[in-house]
Amino acid sequence: VVIVAAELLKNADELVKQKIHPTSIIAGYRLACKEAVKYIQDHLTYKVEDLGEDCLMSAAKTCMSSKLIGADSEFFSKMVVEAAQAVKVTDSKGTVTYPIKAVNVLKAHGKSARESLLIHGYALNCTIAAQQMPRVVANAKIACLDFSLQKVKMKMGVQLLVTDVDQLDKMRDRESDMTKERIQKILATGANVILTTGGIDDLCLKYFVEAGAMAVRRCKKQDLKRIAKATGAQFITSMANIEGEESFEASFLGEAAEVAQERISDDELILIKGTKARSASSIILRGPNDFYCDEMERSVHDALCVVKRVLESKSVVVGGGCVEAALSIYLENFATSLSSREQLAIADFAKSLLVIPKTLAVNAAKDASDLVAKLRAYHNSSQTKKEHAQLKNCGLDLYEGLVKDNKKAGVFEPAISKVKSLKFATEAAITILRIDDMIKLAPEKGEERSYQQALAAGDLDR
């Protein structure tokens, strides 16, 4: 977006210098963007159902090709597509969405990147609070709490004046009983898995162990919110009800087929499988160090976003500078068919789009001028000669430094991303073009002195 917007502004600046008013340039850019989007949708997009499931893998591989995990793109693309399809959600209107936030990505350094794994279910990077608790709970009823289950302490500034020593003991007993009552209210609803963001002290753990329930403390708030969504639970921040009394209802609980603590790689994790409301999946990334794992996480997130876009829009375009080159040729021909001032702006818009294949070639240390010229020749031929129509899929192969059929090579991008980036770049350029005057405040100049003056003042002797 930034590269295209900058190139559009650069060419617009040249037109302004030729005494063409910015409003004419803006009108031309808008028209060019509209025609470009229409041409992409009519001639350059392919439906996912026509290409088959492989195009999802190809889109993920294309996204990863420039990333750190590009060497293992085959392995990771399968994992990413499977994870995205596992979190499919259909609403009441029949609209299908893929909330990639439901894919939990965990990092554990050690071993090679190829030993990363996909788990069906939500993986929580925590362990049970006490060893006596069950490690597997079937038909789990899950409570998600956002408060601590610890012995209650009086708030700051609260004073209790006691004259009798027995009263002091009663106060201490009441403090521990308050938490006990809370726990009993939660357990009375049938909850057998309790997840909390706060702590659980040893006194309170005893009640969970006796009830045969699993309790997990110090969970991340973000994780609990996702688990609550997946299991159908409510994220409870306080047990107080409207009457001001404490209560806990069975409707607050979520359900899952199984909650188990398992050893995966070097760590113990809590796995929540068979969630009731939504499906969930988790990816555990392995790598030599934290920096590598962080970079892997970013790459996997980008690939998940690409797969989500392809699955939701159900259409892809061929990558490798193919779309930009095709649009450039089409808009140049379209510009010559106009007899108004906008013709120049549209021609410059077409020229600006070539910055993408040029940048790709330069980044791969190839001869950009030669490759872009060949690419334009192929696309011109595909648009002017019917027998060469299949050449519209030609794009750059930067490994070999050639122009080839990128549809056969499996280089795909989401069509919606291409359309949006064009629109955003055009809007950004237009917004800046609307600016008539710019007031620039020059930094205040200090007192300037010549070399002779400084020498005379003795400043150079220090």
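Residues numbered from 1 in each chain as written. Predicted model: local features only at pLDDT ≥ 70, side-chain atom pairs only at ≥ 80, totals over all residues. Heavy atoms only, no water.

Draft legend 1. Structural view of the overall build of the protein chain. Looking only at helices and strands, one finds 16 helices and 17 strands in the protein chain. Against the compact-globule benchmark of 23 Å for 462 residues, the protein chain has a radius of gyration of 31 Å, which places it well outside the compact range. C-alpha atoms of the protein chain, sized along the principal axes, occupy 95 × 80 × 45 Å. With 462 residues in all, the protein chain has 44% of them scored as buried. Carbon and sulfur atoms provide 51% of the accessible area of the protein chain, an area that totals close to 25,300 Å². Positive and negative side-chain charges of the protein chain, numbering 64 and 61 respectively, have mean locations separated by a distance of 3 Å. (Helix = DSSP H or I, 4+ residues; strand = E, 2+ residues; numbered from the N terminus. Rg over C-alpha atoms; globule rule 2.2 N^0.38 Å. Buried < 20%, exposed > 50% of the residue type's maximum accessible area, 1.4 Å probe, protein only. Areas by Shrake-Rupley, 256 points an atom, 1.4 Å probe, with all protein chains shown as cover. Lys, Arg positive; Asp, Glu negative; His and termini not counted. Charge placed at Lys NZ, Arg CZ, Asp CG, Glu CD.)

Draft legend 2. Expanded view of the state of the cysteines. Overall, the coordinates contain zero disulfides when judged by the stated rule. Cysteine Cys-322 remains unbridged, with the sulfur of Cys-394 as its closest cysteine sulfur at 7.4 Å. What makes Cys-322 buried here is its relative accessible area of 2%. Given a relative accessible area of 5%, Cys-394 falls into the buried group. (Disulfide = S-S within 2.5 Å.)

Draft legend 3. A look at the packing of helix 5 (residues 73–86) against helix 9 (residues 290–313). Relative orientation of the contacting elements helix 5 and helix 9 amounts to 55 degrees, with a least axis distance of 9 Å. Here helix 5 lies oblique to helix 9, going by the angle between them. Two packed elements cross with a definite hand, and for helix 5 against helix 9 that hand is right-handed. Along its contact with helix 5, which presents Phe-76, Val-80, Val-81, Ala-83, Ala-84 and Gln-85, the element helix 9 presents Met-296, Val-300, Ala-303, Leu-304, Val-307 and Leu-311. (Axes fitted to C-alpha atoms, helices over the stretch in contact; angles between N-to-C directions. Parallel < 35°, antiparallel > 145°, perpendicular 65-115°, else oblique. Left-handed = near helix turned anticlockwise from the far one by under 90°. Contact = heavy atoms within 4.5 Å.)

Draft legend 4. Broad picture of the pattern of salt bridges. Within this structure, the stated rule accounts for 22 salt bridges. One salt bridge connects Lys-10 with Glu-7, and the closest N-O pair in it is separated by 4.0 Å. Residue Lys-10 and its partner Glu-7 are located together in helix 1 (residues 2–17), separated by three residues, close to a single helical turn. By relative accessible area, which is 17% here, Glu-7 ends up buried. (Salt bridge = Lys/Arg side-chain N within 4 Å of Asp/Glu carboxyl O.)

Draft legend 5. Fine view of the sheet that holds strand 17 (residues 412–414). Ordered in space as 1-14-17, the three strands form an open sheet in which the pairing is antiparallel. One side of each edge strand has no neighbouring strand; the edge strands of this open sheet are strand 1 (45–47) and strand 17. Ignoring strand direction, the axes of neighbouring strands in this sheet form an average angle of 45 degrees. The pairing of strand 14 (residues 315–318) with strand 17 spans three bridges and is antiparallel. Each residue of the ladder has a partner; that of Val-318, found in strand 17, is Phe-412. Along the sheet, helix 2 (residues 22–44) contacts strand 1 and strand 14; its crossing angle with strand 1, the most-contacted strand, is approximately 45 degrees. (Pairing = 2+ DSSP bridges.)

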